[in-house]
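# Structural description and commentary
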Amino acid sequence: MLESYVTPILMSYVNRYIKNLKPSDLQLSLWGGDVVLSKLELKLDVLEEELKLPFTFLSGQIHELRIHVPWTKLGSEPVVITINTMECILKLKDDAHNEHESCGSSSTTRSTTESIKSAAKTRRIQQVTSIDPDLPPGYVKSLIRRVVNNVNIVVNNLILKYVEDDIVLSVNITSAECYTVDEFWDRAFMDILAPELVLRKVINFADCTVCLDKRNASGKIEFYQDPLLYKCSFCTRLHFTYDNLNSKIPSIIKIHALVESLKLSITDQQLPMLIRIIQLGIALYYGEICSYKDVEVEETNANVKEASIPQVCGESDAGIQGQHGADVQEFLQQQDDDQGWVSWALSLVPALVSYSDEGDENFEVDENGIKINRLRSLPAKDPVVSVGFYCTKATVTFKLTEMQTESSYYSPQKVKSKEVLCWEQEGTTVEALMMGEPFFDCQMGFVGCKAFCLKGIMGVKDFEETASRSETEACFFICGESLNSKGLTYLTNSLFDYRSPENNGVRAEFILDAAQHKETYTEIAGVQRFGAFYMDYLYTMECSAGKGSVSQPQDVSMNKKEDLSNVHEMSTKHLVIGSMELRLDSSSVHRILKMVACGLNHEYEPYSKPISETEDENRTLPRQEEVAALEEYIPTRLTCITVLKCTFTITLAEFNLLDNLLPIILGQKHSVPYLNAPPFHPLRPLPALRVHVDKVSLEHSVPMFAGQLIPTVSHLNQPSDNLLHSCYVHSYVKIFGFQAGLTSLDTEGSFCSPAPVIPSFSTAFYGKFLQLPSYWLKRPFVTTSECIFELPSLTIQATRAQTLMLQAILQSWTHNQGGSVSLPVDEALMKDIFRPSGVRSQNPLPTLEGSIQNVELKYCSTSLVKCVSGTMGSIKACAKAPGGSDGKKEKLIPLIQGPSDTRDLHKSKWLNETRKPESLLAPDLLAFTIQIPLQMNSYHNSDSDATSQNALHGPPVEVFECLR
């Protein structure tokens, strides 16, 4: 009897996605318990329609499909679906394909929607008016549900390829298996039972290999690159929580993957292709490559989806009550447009999108499987989806490739790769939390990371075996802590954390409110969890009518299409970088610049075009309601970056080959060859300039929809200050505790204590820049850009030896003398700079010191004039003659000082005293203002008033004022 219910369900899904399939052969094989299908062609149009991805399938086939149904133990053993060797090739949809698809689908989707709704209505009428006496009992429905929840899917040799331009990205997974587990994540035969209402699954991926190759104009790959990822295995845990037994979609979905070891390899030819793929993902997220017709097609398909009745057990059971054989098959064929294999697979790994059930919305099922009337409910709420990726240790190796010819003339050329740079990262976490359109949050972080130099670079054998350099010198970047000292904090609240609510039988709670999210996930909390790097990206959207709570996605999307003023959107990004140390020496700088040059070595067209600044002359003035809505709320994107305790060490260049790299970075394709690079001889001790910063804070805000906001505000006669403020890009930079000093690297790879050159100081910068300035040409007095720089105090002090050392470090990087660097550094100069601690020098060197206070510079520009103004509170320059061994005091010889009281200038003691400003309220030493008019001839025929005309034709205004 069970065969009459289970067989049609499996047959309907197989027949939907596979071409030229004989249902009779499939049915006989299933009743025997096993079915084996070979050389199957997939229906690519059905896959594209149901996946709704911006890709099109070029080909797709399955070499072998096996389905095993244990009829005698259907209640205790799972149905096993095995796919052996599945290949799919995808490409990005082009404009022509989108236009053809939109034209062809616009007419068919209407008829499809109408037929689905009529079929759903007919089924509802039949269910109300008639009750079949042969309805399957409740345990049959429960049994079918158990079968569906415990289906095992095994895929052996899965091959996916993506092609675009000259890029060929292929993913090969040797084996992947999905099965149901118990509360201890062990394989088991489970069901959704009260009161927990939880379903757990595990997907194990074995030997995942990712390749990225470049093809020629004929579409063939001449030289195969090293795989990006080679034979990586990882485990994925899935946790689904339901509200009740009749729920078709889980209310909470958690999908977390863990990788113990991830080893990536990137060559110089793969780097631009990898950047291109990353840009594709960003463009897809922001919708920058989707045309208007694509949006129409997506909306139409969404309407069809809402009208369908996608379920496996509930509706299918209701339809086959009292029916067998051909009646069941006929019913399932009628559902071809309602339910597909993808939807069924997503029901095993439940759907991540919401949909409404038209066919069963007025009934609910009791324990005996009988439908009873109930009131019409609201549309289903979007599930809370949590997706996470965790990696214990990751390694990224950058390689340079070169062609190598065999000894024989007719032997083919081969590509030889050489490792030059390595990045190690521990405790990586990438988490995303979403609930439909109104809420999306992504958090990323890692505990610690290091960067190493490997082998040689550009012909210089700085880290070859013959160089005999220590491992501490190879590490030029370190950030955060080690995983041994930090612990497993990166797994907090994941499905791999034994303390998480899901692993202790507790329903998880999520923060879906923006204000509460901001209070919980602070910078301090991020640093405490990770240590090296933490990023939090939050996007929220709510209707103005339902302010204070997350609105239903259907209402939000509807209001968003009708009137953007009713939808409040917010986007914030917070990045925190923990304590880090970076050493910029010849080896590290050349490797970093080589990566930059390789990343820029491509001719790919950008996915998105810049916003056109052409003003629409026919645009009407905005209505008063639109202006009032803008006054109330204007969406912006806010980015906050915080860097804590960073140290940069710039050493004297031991070799300089920047002439080979900078032309490529600056856009010049041809560079000087480096085949005759000099041998590497490390210099010890190696002088260096060390810069330390306690904290750097950056805030950057930009209007979210500048293309709609600027044209509206620019047409207003007198826009308010609030509206004008929102039309700018605002940037704030604050630097705290900046200090610099000279140090040296010894033979053991450690630095000595620095000799101070710049004592600690702080500064701040603010800038705002008008978006789409072409819309403001008729408003010449609107500020296009404004910058403010503030410096409370700055002091620079150096001896003659320190000045010579700074000059030598600068020249080693800026002057290239045939690949070798002249080093005007001797032992005597090093001894003059770095005195042994605790030993008093016999002949201390004089120090030249200069300082300025209360500096403020301001730059402002409009379409008519540029203005620069500034003030300086005081300035001081003096020479310090240190006291000798006889106990004399330090002598101060002033060179310049202002403002200063010169009333006692004629007295001898005036030169030996320290002079300070009379008070903090004393006038500034210097104040100046410079104004320069721009484009005078272009405004002769403008609509400006007489005052502005006179100002345009007047001479440049220059004001220079010096006080005291």
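Residues numbered from 1 in each chain as written. Predicted model: local features only at pLDDT ≥ 70, side-chain atom pairs only at ≥ 80, totals over all residues. Heavy atoms only, no water.

## Things to note about the overall build of the protein
Of the regular secondary structure elements, the protein holds 23 helices and 29 strands. When each of the 964 residues of the protein is scored for burial, the buried share is 44%. A separation threshold of at least 6 residues defines the contact pool for the protein, and within that pool the share at least 24 residues apart is 76%. When the accessible surface of the protein is summed, it comes to about 51,100 Å², and 56% of that surface belongs to carbon and sulfur atoms. (Helix = DSSP H or I, 4+ residues; strand = E, 2+ residues; numbered from the N terminus. Buried < 20%, exposed > 50% of the residue type's maximum accessible area, 1.4 Å probe, protein only. Contact = heavy atoms within 4.5 Å. Areas by Shrake-Rupley, 256 points an atom, 1.4 Å probe, with all protein chains shown as cover.)

## Focus: the confidence of the model for the protein
Scored by pLDDT, the protein has a mean of 77; 72% of the residues are at 70 or more. In this model, residues 546-563 is a region of pLDDT below 50 whose contacts with residues beyond four sequence positions or in other chains number 33 contacts. (pLDDT = per-residue confidence, 0-100.)

## Looking at the side chain of Ser714
Looking at where Ser714 falls in the secondary structure, it is placed in helix H19 (residues 706-714). A distance of 3.2 Å separates a polar side-chain atom of Ser714 from the backbone oxygen of Pro711. Residues within four places of Ser714 in sequence aside, it is in contact with Tyr775, Trp776 and Arg779. (Polar contact = N/O pair within 3.5 Å; in protein donor to acceptor, adjacent residues only side chain to side chain.)

## Remarks on the packing of aromatic side chains
Any pair of aromatic rings gets described here by the distance separating the centres and the angle formed by the planes. Taken as a whole and judged by the stated rule, the model has 10 aromatic pairs. On the numbers, 4.8 Å between centres and 25° between planes, the contact of Phe205 with Phe234 is stacked. Here the residue Phe205 occupies a position in strand E6 (residues 198-214), and Phe234 occupies one in strand E7 (residues 229-241), the gap between them amounting to 29 residues. Exposure remark for Phe234: the relative accessible area of 22% places this residue in the partly exposed category. Feature note: the residues Tyr285, Phe440 and Tyr537 constitute an aromatic cluster, connected by ring pairs. Of note, Arg187 hangs over the ring of Tyr179, and the distance from its end group to the ring centre comes to 3.8 Å. Sitting over the face of the ring of Tyr728, Lys768 holds its NZ or CZ atom 4.6 Å from the ring centroid. (Phe/Tyr/Trp six-rings, centres within 6.5 Å; stacked < 30°, edge-to-face > 60°. Lys NZ or Arg CZ within 6 Å of the ring centre and 35° of its normal.)

## Brief notes about helix H6 (residues 270-286)
An ideal rise of 1.5 Å per residue puts 24 Å on 17 residues; H6 measures up with 25 Å between its terminal C-alpha atoms. Taken as a whole, H6 has its buried residues at Gln270, Leu271, Pro272, Met273, Arg276, Leu280 and Ala283. Gly287 sits one or two positions beyond H6 and adopts a positive phi of about 65°. (Expected span 1.5 Å × (residues − 1).)

## What about the packing of H6 against helix H16 (residues 586-599)?
At their nearest, the axes of H6 and H16 sit 7 Å apart, and the two run at 65° to each other. Taken together, the axis directions place H6 and H16 in an arrangement best described as roughly perpendicular. The two elements H6 and H16 cross, and the hand of that crossing is right-handed. Two secondary-structure elements touch here, H6 through Leu271, Pro272 and Ile275 and H16 through Met595, Cys598 and Gly599. The residue makeup of the contact of H6 with H16, split by class, is five nonpolar, one polar and no charged. (Axes fitted to C-alpha atoms, helices over the stretch in contact; angles between N-to-C directions. Parallel < 35°, antiparallel > 145°, perpendicular 65-115°, else oblique. Left-handed = near helix turned anticlockwise from the far one by under 90°. Nonpolar A, V, L, I, M, F, W, Y, C, P; charged D, E, K, R; others polar.)

## Points about the environment of Cys88
Counting through the fold element by element, Cys88 comes out in strand E3 (residues 80-92). Along the chain, Cys88 and Ser59 lie 29 residues apart, while their C-alpha atoms are 5.6 Å from each other. Those residues in contact with Cys88, other than ones at most four positions away along the chain, are Leu42, Phe57, Ser59, Gly60, Ile159, Leu160 and Lys161.

## Topic: the nonpolar core
Soluble globular proteins: nonpolar side chains tend toward being buried together. If you look at the biggest cluster of nonpolar residues, it comprises 130 residues, and the most contacted ones within it are Leu65, Ile67 and Phe477. The next biggest cluster of nonpolar side chains, apart from the first, holds 16 residues, and it includes Ile634, Leu723, Cys727 and Tyr775. (Core = buried A, V, L, I, M, F, W, Y, C linked by side-chain atoms within 4.5 Å.)

## Quick look at the pattern of salt bridges
Going through the model one piece at a time under the given rule, you end up with 23 salt bridges. Of the charged contacts in the structure, one is a salt bridge between Arg276 and Asp165, with a shortest N-O distance of 3.7 Å. With a gap of 111 residues between them, Arg276 in helix H6 and Asp165 in the loop between strand E4 (152-164) and strand E5 (167-181) connect regions that are remote in the sequence. Among the ionic pairs, Lys399 bridges to Asp226, the shortest N-O distance being 3.2 Å. Taken together, the positions of Lys399 in strand E11 (residues 384-405) and Asp226 in the loop between E6 and E7 put the pair 173 residues apart, joining distant regions of the chain. (Salt bridge = Lys/Arg side-chain N within 4 Å of Asp/Glu carboxyl O.)

## Here we look at a nonpolar patch on the surface
There is a patch of nonpolar side chains on the surface, built from Ile278, Ile282, Tyr285 and Tyr286 and spanning about 390 Å² of accessible area. Position of Ile282 relative to the elements: it lies in helix H6. (Patch = residues over 30% accessible without salt bridge, like charges linked within 9 Å, V, L, I, M, F, W, Y side chains within 5 Å.)

## Examining helix H21 (residues 800-814)
If you check H21, its first and last C-alpha atoms are 21 Å apart, about what 15 residues at 1.5 Å a residue would give, namely 21 Å. Taken as a whole, H21 has its buried residues at Ala801, Gln802, Met805, Ala808, Ile809, Ser812 and Trp813. Along the axis of H21, the buried residues cluster in a sector spanning 125°; they form a single face. Turned more than 90 degrees away from the buried face of H21 sit Arg800, Leu810 and Thr814, all of them exposed. (Arc of directions from axis to C-beta.)

## Some thoughts on the pairing of strand E20 (residues 636-651)
The sheet contact formed by strand E18 (residues 567-577) and E20 spans seven bridges and is parallel. The residue of E20 that forms the bridge with Val576 is Thr642. As paired elements, strand E19 (residues 580-584) and E20 share five bridges and run parallel to each other. Bridged to Glu581 within E20 is Thr647. (Pairing = 2+ DSSP bridges.)

## Remarks on the environment of Leu934
With respect to the element layout, Leu934 can be found in the loop between strand E28 (926-933) and helix H23 (946-953). For Leu934 and Leu864, which are 70 residues apart along the polypeptide, the C-alpha to C-alpha distance reads 5.1 Å.

## Quick word on the side chain of Asn150
Within the fold, Asn150 resides in the loop between helix H5 (138-149) and E4. A distance of 2.4 Å separates a polar side-chain atom of Asn150 from the backbone oxygen of Met190. What Asn150 contacts, discounting residues up to four positions off in sequence, is Pro78, Val79, Thr180, Ala188, Phe189, Met190 and Lys201.

## Some remarks on the pairing of strand E17 (residues 533-543)
Counting buried positions over the 11 residues of E17 gives 10, a clear majority of the element. Of the strand pairs in this sheet, strand E13 (residues 439-453) and E17 are connected by eight bridges, and their pairing is antiparallel. Residue pairing for E17: Phe446 is matched across the bridge by Phe533. Sheet topology note: the E17/E18 ladder contains 11 bridges and is antiparallel. Its bridge partner being in E18, Phe533 is matched across the sheet by Ile577.

## Comments concerning the environment of Leu40
Along the polypeptide, Leu40 turns up in strand E1 (residues 34-41). Linking Leu40 and Leu65, residues 25 residues apart in sequence, is a C-alpha distance of 8.1 Å.

## Examining the packing of H16 against helix H18 (residues 658-665)
In the contact formed by H16 and H18, the axes pass within 9 Å of each other and the chain directions differ by 30°. Relative to H18, the element H16 lies roughly parallel. Along this stretch, H16 crosses H18, giving a crossing that reads as left-handed. On the side of H16, the interface is formed by Val589, His590, Leu593, Lys594, Val596 and Ala597, while H18 contributes Leu658, Leu661, Ile664 and Ile665.

## Quick notes on unusual backbone geometry
Note the cis peptide between Ala194 and Pro195, where omega equals 0°. Across the junction of Gly898 and Pro899, the peptide omega takes the value -5°, indicating a cis bond. By the secondary structure assignment, Pro899 is in the loop between strand E27 (891-898) and E28. Backbone geometry places Thr85, a non-glycine residue, at a positive phi of 60°. Accessibility expressed as a relative area gives 16% for Thr85, which makes it buried. At Asp165, a residue that is not glycine, the phi angle is positive and equals roughly 55°.

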